[in-house]
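Analysis of the macromolecular model
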Amino acid sequence: MYTVSSGYHLASDLDAVDQSSSSRVHSSWWKFFWSLQLPPKVKIFAWKAVHDALPVAILLVKRKVITDSTCSVCKQAWESVGHALFHCRYARAVWRNSSLSFDWRLAATMQKGDYIFHLSSILSKAEMEQLFCTLWTIWNERNRVVHGQKARPASGLASFAATYLLNYRNAQQRHGTAATPAATAHQQPHQTTATAASPPSLNPRPSLQAVPAAQLWRPPDFNLLS
C-alpha cells in the first residue's frame, strides 16, 4: 500500500543508490586521470580545469578582482573555462591543427569538467594525454596575452604540445621514472605545486661548503710573539 511515508522512503533509497553509483564512477575516473603519463604541472592545470578553478575572467569578476569578463584573446565573448580552452577563436584554430575534433557547442558550455568527462569516454588514454597537454599549452598562451605579450601562432601550437608530451615520455623511459597509478593516485595539486610545478629561482643562493680545517684562521702562538 502506497503512503506518503513509504513514497518518501522509496525516494530516499533511490537517491542513496544514485549517489553511491555516482561516487563510484567519480572515483574510477580520477583513478584513470592520475594514471595518465603527464608532467605534474599539466596534471595540476587539468585538475583546476575540471574543477572550474582556473582564473578565467568570469570567475575574477565574481570575486571582484576585475570588472570585465570579456575574453582577453578574442574579445568576442565572456571568458569561461570552456570558452578559453575550446571555443575561443584562438583555441579553435589550435584544435583544427590537431588530430582531435569536438562538439564546439558542448565544449563552450562546459561546467565542472563535464565535457572532459565525456571526451574521456570516447578517446583513448594516449589521446586524453594529448588533450590535456594541448589544453595546458592553450592556457599558457592565453596567459601570455593577459600579461601583455603576444601569443604564438596557433598553427604550430598543437605540434608543440605533441612534441612536448613526446619528449616527456622519452625522458621518463630513459630514467625509468614513469609514474605508476599507485604512485599518482593520492597526489594532490597543493602537494606538487611547490615542487615540480614551481619554476626554479632566478637568483639561486650559492651553496655553503665546509672550509677545510687547514684554511681556518687561528690566532698565532703566544710564544712566537716578540
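Located above this text is the structure these notes cover.
Scope of this entry: the structure provided in the associated data block. (Residues numbered from 1 in each chain as written. Predicted model: local features only at pLDDT ≥ 70, side-chain atom pairs only at ≥ 80, totals over all residues. Heavy atoms only, no water.)

1. As for the packing of helix α5 (residues 89-96) against helix α8 (residues 125-146)
Here is the rule we go by: Whenever a helix is involved, its axis is fitted only over the stretch in contact; in every case the axis is a line through C-alpha atoms, and angles between N-to-C directions fall within 0 to 180 degrees. Elements are defined by DSSP. Helices are runs of H or I of four residues or more, strands are runs of E of two residues or more, and each kind is numbered from the N terminus. Take the far helix as your reference; a near helix turned counterclockwise from it by less than a right angle gives a left-handed crossing, and one turned clockwise gives a right-handed crossing. We call two residues in contact when some of their heavy atoms are within 4.5 Å. All amino acids are sorted into three groups, where Ala, Val, Leu, Ile, Met, Phe, Trp, Tyr, Cys and Pro are nonpolar, Asp, Glu, Lys and Arg are charged, and the leftover types, Gly among them, are polar.
In the contact formed by α5 and α8, the axes pass within 11 Å of each other and the chain directions differ by 145 degrees. Two packed elements cross with a definite hand, and for α5 against α8 that hand is right-handed. Mapping the contact onto sequence places Y90, A91, V94 and W95 in α5 and L131, T134, L135, I138 and E141 in α8. Partitioning the contact of α5 with α8 into residue classes produces seven nonpolar, one polar and one charged.

2. What about the nonpolar core?
As a rule of thumb, soluble globular proteins bury nonpolar side chains together. Applied cut-off: We define the nonpolar core as a collection of buried residues of types Ala, Val, Leu, Ile, Met, Phe, Trp, Tyr and Cys that are connected through side-chain atoms lying within 4.5 Å of one another. Exposure categories follow from relative accessible area, calculated using a 1.4 Å probe and restricted to protein chains: below 20% of the type maximum is buried, above 50% is exposed, and the middle band is partly exposed.
The biggest cluster of nonpolar side chains holds 45 residues, and the ones touching the most others in it are F45, L85, F86, W95, L131, F132 and L135. Of all the secondary structure elements, the ones that give two or more residues to this core are α1 (4-34), α2 (40-50), α4 (81-87), α5, α7 (114-120), α8 and α9 (157-175). Here L135 is in contact with F45, L85, F86, W95 and I116, once residues within four sequence places are set aside.

3. Section: the packing of α2 against α8
Worth spelling out the cut-off: Orientation is classified from the angle alone, with under 35 degrees giving roughly parallel, over 145 giving roughly antiparallel, 65 to 115 giving roughly perpendicular, and any other angle giving oblique.
α8 packs onto α2 with a crossing angle of 80 degrees between their chain directions and a minimal axis gap of 9 Å. Here α2 lies roughly perpendicular to α8, going by the angle between them. Seen from α2, the contacting residues are K41, V42, F45 and A46; seen from α8, they are F132, C133, L135, W136 and W139. Tallied by class, residues from the contact of α2 with α8 come to eight nonpolar, no polar and one charged.

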